[in-house]
Amino acid sequence: MTTHAKLSASGSAKWMACPGSIAAEEGLPDGSSEHSREGSAAHHVAEDVLVNGGYASDWIGKTVEDYGVEVTHAMAEYVQQYVDYVKSLGGTQLYEQRVDFSNVVPDGFGTSDAIVMEGRTLHIVDLKYGKGVKVYAQDNSQA
């Protein structure tokens, strides 16, 4: 399981809009939902396929143990689209990399799903998977 920053990039919409939420959540357990576990499992599958090869479909019917989530056909299809896109970019690729932005936000860090350096272009690719709260790329404070 991963460690989460108090001022995480993924939680930035909340803490930027309501700075008091930081103190209000102090001491609360770092909870997860069925949807967040499903998204984490999809990220696990994507990283495995990008690093070790194969296809997301190789995971269908298997359970991602850390999250207790069984990989479905729908999840594998979606993850494979992400994997194919990342691979199509070429260049130097880094997956599930911890990134530090503590120069902007105290103790700020997060995990970038894919960083691709291609010539003078830097691609930051974020896998969005799951249900529950919709997260849009446009005007997203996470970036």
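A. Layout of the sheet that holds strand E3 (residues 92-100). In space, the 3 strands of this open sheet follow the order E3-E4-E5, with antiparallel pairing throughout. Sheet topology places E3 and strand E5 (121-125) at the edges, where each strand pairs with a single neighbour. Strand-to-strand twist in this sheet, taken as the mean axis angle between neighbours without regard to direction, amounts to 35 degrees. Here strand E4 (residues 109-118) runs beside E5; their pairing, made up of 5 bridges, is antiparallel.

B. View of unusual backbone geometry. Residues other than glycine seldom take positive phi values, yet Glu96 does so here, at roughly 45 degrees. On the secondary structure map, Glu96 appears in strand E3. The exposure class assigned to Glu96 is partly exposed, which follows from its relative accessible area of 25%. Here the phi dihedral of Asp107 falls at roughly 55 degrees; this positive angle occurs in a residue that is not glycine. On the secondary structure map, Asp107 appears in the loop between E3 and E4.

C. Just the packing of aromatic side chains, in detail. Evaluated as defined, the whole model comprises 1 aromatic pair. Positioned over the ring face of Phe109 is Arg98, at 3.7 Å from the centre of the ring.

D. Up close: the nonpolar core. By size, the foremost hydrophobic cluster in this structure holds 24 residues, and its most contacted members are Val45, Val79, Tyr82 and Val86. Secondary structure elements with two or more residues in this core: helix H3 (34-52), helix H4 (73-88) and E4. Each residue touching Val45, except ones within four places of it in the same chain, is listed here: Ala56, Trp59, Val64, Val71 and Val79.

E. Region of the structure containing the side chain of Asp113. When you line up the elements, Asp113 lands in strand E4. Buried and without a salt bridge, Asp113 has Lys128 as its closest oppositely charged side chain, separated by 6.3 Å. Within polar-contact distance, the side chain of Asp113 engages the side chain of His43 at 3.0 Å. Among the polar contacts made by the side chain of Asp113, one reaches the main-chain amide nitrogen of Leu127 at a distance of 2.7 Å.

Procedures and definitions
Residues numbered from 1 in each chain as written. Predicted model: local features only at pLDDT ≥ 70, side-chain atom pairs only at ≥ 80, totals over all residues. Heavy atoms only, no water. Pairing = 2+ DSSP bridges. Helix = DSSP H or I, 4+ residues; strand = E, 2+ residues; numbered from the N terminus. Axes fitted to C-alpha atoms, helices over the stretch in contact; angles between N-to-C directions. Buried < 20%, exposed > 50% of the residue type's maximum accessible area, 1.4 Å probe, protein only. Phe/Tyr/Trp six-rings, centres within 6.5 Å; stacked < 30°, edge-to-face > 60°. Lys NZ or Arg CZ within 6 Å of the ring centre and 35° of its normal. Core = buried A, V, L, I, M, F, W, Y, C linked by side-chain atoms within 4.5 Å. Contact = heavy atoms within 4.5 Å. Lys, Arg positive; Asp, Glu negative; His and termini not counted. Salt bridge = Lys/Arg side-chain N within 4 Å of Asp/Glu carboxyl O. Polar contact = N/O pair within 3.5 Å; in protein donor to acceptor, adjacent residues only side chain to side chain.

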